[in-house]
Amino acid sequence: MISPAIVLAVIGVAGLFVNRIPAVLFAFVALIVAKFAGAEYLTLNRMWFWFAVTALVLGIRFIQGNPFAPLRTGRLYVGAAAVCGTAVGYACQPAAAAIILGSAVGAFLGAVAYMSTPRSPHYPVGSPDFLRFVSALGLPAVATCSMAAIVGATLL
């Protein structure tokens, strides 16, 4: 039987590609459910860390609003690249640090790839607009993919 935590993690990852769903919140709830399902890896300190990350991502979303909502293709590039980066990070080293680093590199490369498409806003890498773009789309993707991968790795 599939654990409800796995289902929530998949919903969280799918939420990366939908503008209205706070994907990071689903991924954090998946962590909580996994903790109560007996995942020994998820200690109290790790849960507090991911709570802080979730609060940070939701706080940035609240403060910034959603200025990049019309950029659906950008959301697709960044989300898909973060998922791929998470998989590569886990394949290289099944540890949380490799998962987080892989998803961060993937989200950054996805943002750079999107900026090279004809319909993108063409923000130069390192500019304040590019950093706002990455914080609005990349940071939630990194947090969501990392938490979902940790849930998957601890329960499967």
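The structure we're discussing is the one just above.
Now for a quick tour of the structure. (Residues numbered from 1 in each chain as written. Predicted model: local features only at pLDDT ≥ 70, side-chain atom pairs only at ≥ 80, totals over all residues. Heavy atoms only, no water.)

A full pass over the atoms with the stated rule returns six aromatic pairs. Judged by centre distance (5.6 Å) and plane angle (90 degrees), the rings of W48 and F51 are edge-to-face. One end of the pair, W48, and the other, F51, are both in helix α3 (residues 44-64), three residues apart, so they sit about a helical turn from each other. Between Y77 and Y114, the ring centres sit 5.7 Å apart and the planes meet at 55 degrees, which makes this aromatic pair tilted. Of this pair, Y77 sits in helix α4 (residues 72-92) while Y114 sits in helix α5 (residues 96-115); the two residues are 37 residues apart in sequence, bridging distant segments of the chain. The exposure class of Y77 is partly exposed, given its relative accessible area of 31%. Following the ring pairs from residue to residue traces out a cluster consisting of F28, W48 and F51. Above the face of the Y41 ring, R46 is positioned so that its terminal group lies 4.0 Å from the ring centre. (Phe/Tyr/Trp six-rings, centres within 6.5 Å; stacked < 30°, edge-to-face > 60°. Helix = DSSP H or I, 4+ residues; strand = E, 2+ residues; numbered from the N terminus. Buried < 20%, exposed > 50% of the residue type's maximum accessible area, 1.4 Å probe, protein only. Lys NZ or Arg CZ within 6 Å of the ring centre and 35° of its normal.)

This part is about the packing of helix α2 (residues 23-36) against α3. Packed helices, taken two at a time, are described by the angle between their axes plus the distance between the axes. Orientation of α2 relative to α3, taken along the N-to-C sense of each, is 165 degrees, at an axis distance of 10 Å. Compared by their axis directions, α2 and α3 come out roughly antiparallel. Handedness of the α2/α3 crossing: left-handed. Note on element contacts: α3 touches α2 through L44, M47, W50, F51, T54, V57 and L58, opposite V24, L25, F28, L31, I32 and K35. When its residues are assigned to classes, the contact of α2 with α3 shows eleven nonpolar, one polar and one charged. (Axes fitted to C-alpha atoms, helices over the stretch in contact; angles between N-to-C directions. Parallel < 35°, antiparallel > 145°, perpendicular 65-115°, else oblique. Left-handed = near helix turned anticlockwise from the far one by under 90°. Contact = heavy atoms within 4.5 Å. Nonpolar A, V, L, I, M, F, W, Y, C, P; charged D, E, K, R; others polar.)

Turning next to empty space enclosed by the protein. To find the voids left in a structure, one rolls a probe of water-molecule size over its atoms. In total, this model carries one cavity of 30 Å³ or more according to the counting rule given. For the largest cavity, the calculated volume is near 260 Å³. What lines the largest cavity is a set of 23 residues, and nearest its centre among them are R61, R75, A136, L137 and P140. Sorting the residues of the lining of the largest cavity by element identifies α2, α3, α4 and α6 (128-155) as the ones contributing at least two each. Looking at the lining of the largest cavity, its residues break down into 14 nonpolar, seven polar and two charged. (1 Å grid on protein atoms, 1.4 Å probe; cavity = no way out; pocket = protein on both sides within 12 Å on 5 of 7 lines; lining within 4 Å. Points joined across faces, edges and corners; volume = space filled by probe spheres on them.)

A separate point is the nonpolar core. Counting 24 residues, the largest nonpolar core has L31, L42, W50, M147, I150 and V151 as the members making the most contacts within it. Core analysis: the second largest hydrophobic core is formed by 17 residues, L16, F68, A82 and V142 among them. (Core = buried A, V, L, I, M, F, W, Y, C linked by side-chain atoms within 4.5 Å.)

So, on to α5. If you check α5, its first and last C-alpha atoms are 29 Å apart, about what 20 residues at 1.5 Å a residue would give, namely 28 Å. Of the surrounding secondary structure, the elements contacted by the buried residues of α5 are α4 and α6. (Expected span 1.5 Å × (residues − 1).)

Time to look at the packing of α5 against α6. Packing of α5 against α6 brings their axes to within 9 Å, and their N-to-C directions diverge by 145 degrees. Considering the relative orientation of α5 and α6, their crossing is right-handed. Residues A96, I99, I100, S103, A104, A107, F108, A111, V112, Y114 and M115 of α5 form the contact with α6, whose participating residues are F130, F133, V134, G138, V142, C145, S146, A149 and I150. Partitioning the contact of α5 with α6 into residue classes produces 17 nonpolar, three polar and no charged.

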